[in-house]
Amino acid sequence: MTDIHETQQGALKEIQAFIRSRTSYDVLPTSFRLIVFDVTLFVKTSLSLLALNNIVSAPLWDSEANRFAGLLTMADFVNVIKYYYQSSSVPETLAEIDKFRLLGLREVERKIGAIPPETLHVHPMHSLMEACLAMSKSRARRVPLIDVDGETGSEMIVSVLTQYRILKFISMNCKETSMLRVPLNELPIGTWTNIATSTMDMKVFAVIQTLAEKAISAVPIVNDEGILINVYESVDVMHLIQDGDYNNLELTVGEALLRRPSNFAGVHTCRDTDHLDGIFDAIKHSRVHRLFVVSEDFHLKGILSLSDILNYIVDDQL
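Residues numbered from 1 in each chain as written. Predicted model: local features only at pLDDT ≥ 70, side-chain atom pairs only at ≥ 80, totals over all residues. Heavy atoms only, no water.

**Student:** I tried to follow the packing of aromatic side chains on my own but got confused; where do I start?
**Tutor:** Here the distance between the centres and the angle between the planes together describe a pair of aromatic rings. Overall, the coordinates contain one aromatic pair when judged by the stated rule. Here the basic side chain of Arg-101 rests over the ring of Phe-42, its NZ or CZ set 4.0 Å away from the ring centre. Sitting over the ring of Phe-264, Arg-260 keeps its end group 3.6 Å from the ring centre. (Phe/Tyr/Trp six-rings, centres within 6.5 Å; stacked < 30°, edge-to-face > 60°. Lys NZ or Arg CZ within 6 Å of the ring centre and 35° of its normal.)

Structure (structure tokens):
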């Protein structure tokens, strides 16, 4: 093992020790808001509220059982749209989705054999490592923090911890990230083969099928030469149908992107010769959800997700 690899292994041990020494609650900002949806809420209303508050997920609460009921994410909407679109391409049938209450989404997901939504959660005052391992084992991108009232025994939703928040917290508080200098192409990290892509003239629904079948949150958009030009994300679907116009699913990806909100975070790229130290620095300063690995002329070579990074950090703890 070379010095650079030994240094990286030592840095990983220090980062793991840091994660074990902190709680999930430590990651939360000083001030934050929490939006919780009751399972009786209509789908259309939930879409509007997500878009209005610029969020992509929300904890669900079962007021009848008085308990946490899971997490609503973009994957739920993607799965249901796929189910209805396959059943009938008639917009009136698709509009039936709006009449669903959130509780009904689970039945549709069972019918299409979708991966059941995660109901895992962790205690906010337990070790941050517990949250990291729970996310890695379940492939979840976020995990709710649930406390219990000592007097009543009732569950209390404190917040939702995301991979981005965890990695940003590490980048800001753990100096050992600057020692992660082994190139990406020498690490067991990222996706390099069988990458699902889209073109600008592909129909939005075709992209939705890909998102649902591969259980991914974004599809890179390339031209005929394989050069990366943009990305279509599951959150783009929400903005496209939030007003109930399911005809928009027949738009091309290029047409749909023209309707994307102006606060889009952008497309983040890197090279396979880059190091995790620079990527942690990017996470510290920008809202990064994933990085597309490209060549010098921007040909798409791979994808590095936040899941890949978090899994790499805690891999030997699983």
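**Student:** Any chance you could explain helix α3 (residues 43–52) here in plain terms?
**Tutor:** One turn of an α-helix holds 3.6 residues; hence residues three or four places apart share an orientation. By the burial criterion, the buried members of α3 are Val-43, Ser-46, Leu-47, Leu-50 and Ala-51. The arc that holds every buried residue of α3, seen down its axis, measures 130°, which confines them to one face. Positioned one or two residues after α3, Asn-54 has a phi angle of 55°, which is positive. (Buried < 20%, exposed > 50% of the residue type's maximum accessible area, 1.4 Å probe, protein only. Helix = DSSP H or I, 4+ residues; strand = E, 2+ residues; numbered from the N terminus. Arc of directions from axis to C-beta.)

**Student:** Would you take a moment to explain the sheet that holds strand β3 (residues 67–73) for this structure?
**Tutor:** Where strands meet in a sheet, backbone hydrogen bonds hold them as pairs that are either parallel or antiparallel. Strands sit in the order β1-β2-β3 across an open sheet of three strands; the sheet is mixed. The open sheet is flanked by β1 (37–38) and β3, the only strands paired with a single partner. As paired strands, β1 and strand β2 (residues 57–62) are joined by two bridges and run parallel to one another. Across the sheet, Asp-38 pairs through a bridge with Trp-61, a residue of β2. The sheet contacts of helix α6 (residues 102–111) involve β1, β2 and β3, and relative to β3 the element is tilted by about 65°. (Pairing = 2+ DSSP bridges. Contact = heavy atoms within 4.5 Å. Axes fitted to C-alpha atoms, helices over the stretch in contact; angles between N-to-C directions.)

**Student:** Would you explain the nonpolar core in this entry?
**Tutor:** Membership of the largest hydrophobic core comes to 46 residues, with the highest contact counts inside it found for Ile-19, Leu-276 and Ile-309. Among the secondary structure elements, those contributing two or more residues to this core are α1 (3–21), α7 (128–138), β4 (142–148), α8 (163–173), α12 (276–285), β9 (290–294) and α13 (306–314). Broken down by element, this core gets its largest block of residues, seven residues, from α7. Non-local contacts of Leu-276, meaning those with residues more than four positions away in its chain, are made with Gln-8, Leu-180, Leu-184, Leu-187, Ile-189, Ile-309 and Tyr-312. Formed by 42 residues, the second largest nonpolar core is a distinct cluster that contains Phe-77, Leu-94, Ile-97 and Ile-241. (Core = buried A, V, L, I, M, F, W, Y, C linked by side-chain atoms within 4.5 Å.)

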